[in-house]
Structure formats: C-alpha cells, structure tokens
Amino acid sequence: MPTFSGVSHVVLTVRDLETSTRWYRDVLGLTSTGGHPGVSFLLHPESKLLFVLVQHERSDGKPFDETRVGLDHLAFLVSGRAELEAWKRTFEERGVTHSPIATESYGQVLVFRDPDNIQLEFFANPGT
C-alpha cells in the first residue's frame, strides 16, 4: 500500500479573512507567509504546518457547526499537562474562551474555538 509522511496543510473557510488571520497570528503564534485576495497563508514555525484561510465569496455566512458533515474538530498535540496549563494561561491573558482541561482515559484536552466557531483543541497523550 502507498504511504504518506504527515500533514502538509490545513485549509479553513472563514467569514472574515482579516479577523481570522489576526486571530490565528495572535493566539496561536502563526506567521504570515503571503496570500492573495480571499486567501491567507500562515505557518506554524515549529511544526511547519501551513494553515490556509479562505474567505469564499459564496459563503452562507453561518458559523462553523461540527454536527454538519465534514470536519468535527482539529487537535494539536502538546507535550503534556504543563503545556496545556501554559496554553490555558495564554488564553486567559488574551480573552480566548476555552474549556477546563479535561483528563480522560485517552488523554488530556483543552478545547477552544476560533472566530468562526471552528472547534480546536490542544491534546496531550495519556501519562504525559
């Protein structure tokens, strides 16, 4: 069977490109790498994961809803509880609404949402 080596990029549809670009830079520390009308390219410097934000002209303008067919959420792996705590403090400093850190049998998770209500989370594997 053929294989692949990782995730190259994530493309997210947004309602307001300027607002979302600013949020992803300010909250997640992504760096702008360019774009063109209706599209913004943002890079996570450490992982090299590219985020592409797109504002479609034909958008219905409704916020994201994970109960519709498609993406449910996007999770970012962190090293452990200490990193989750650091993100929690960062969110509190920046006014980002978030869940409490939940400890489950499958790991620990901190859930938050972007300006379009896309569910994002930081996830730590069990025992970290």
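Reading the values: the criteria
- All residue numbers here refer to positions counted from 1 along the written sequence of the relevant chain.
- Whole-chain, interface and lining totals are the exception, using all residues; otherwise, since this is a predicted model, local features are given only for residues with pLDDT of at least 70 and side-chain atom pairs are given and counted only at 80 or more.
- Hydrogens and water are ignored here; the side-chain numbers use all heavy atoms of the structure.
- Strands pair, by our definition, only if DSSP identifies at least two bridges between them.
- The numbering of helices and of strands both runs from the N terminus, where a helix is a DSSP run of H or I of at least 4 residues and a strand a run of E of at least 2.
- Every angle, taken between N-to-C directions, lies between 0 and 180 degrees, and every axis is a line fitted to C-alpha atoms, over only the stretch in contact when it is a helix.
- Only heavy atoms enter the contact rule, under which two residues are in contact if any of them lie within 4.5 Å.
- Note on ring pairs: Phe, Tyr and Trp rings are taken, using the six-membered ring of Trp, and paired if centres are within 6.5 Å. Classes follow the plane angle, with under 30 degrees stacked, over 60 edge-to-face and the rest tilted.
- Each residue is placed in one exposure class: buried if its accessible area under a 1.4 Å probe, protein chains only, is under 20% of its type's maximum, exposed if it is over 50%, and partly exposed if it falls in between.

Further remarks concern the sheet that holds strand β3 (residues 39-43). Within the open sheet, the 4 strands sit side by side as β1-β4-β3-β2. Their pairing is mixed. With one partner strand each, in any of the chains shown, β1 (9-13) and β2 (31-36) form the two edges of the open sheet. For this sheet the average axis-to-axis angle between neighbouring strands, irrespective of direction, equals 20°.

Spatial ordering of the open sheet is given by β5-β8-β7-β6, a layout of 4 strands whose pairing is mixed. Of all the strands in the sheet, just β5 (74-77) and β6 (102-104) have a single pairing partner and so form its edges. Sheet twist, expressed as the mean angle between neighbouring strand axes with direction ignored, is 30°. Sheet analysis places β6 next to strand β7 (residues 107-113), joined by 3 bridges and oriented antiparallel. When the bridges of β7 are listed, Ala102 appears paired with Val109. Where helix α2 (residues 81-94) meets the sheet, its contacts fall on β6, β7 and β8 (119-124), and the angle it forms with β7 comes to roughly 20°.

This model, assessed by the stated rule, comprises 11 aromatic pairs. Between Trp87 and Phe122, the aromatic rings sit 4.3 Å apart at their centres with planes inclined by 20°, giving stacked as the arrangement. Taken together, the residues span a long stretch of sequence, with Trp87 in helix α2 and Phe122 in strand β8 at a distance of 35 residues. The exposure class assigned to Trp87 is buried, which follows from its relative accessible area of 17%. Pairing Tyr106 with Phe123 gives two aromatic rings, centres 6.4 Å apart and planes at 10°, and the pair type is stacked. In this pair, Tyr106 is assigned in the loop between β6 and β7 and Phe123 in strand β8, connecting sequence segments 17 residues apart.

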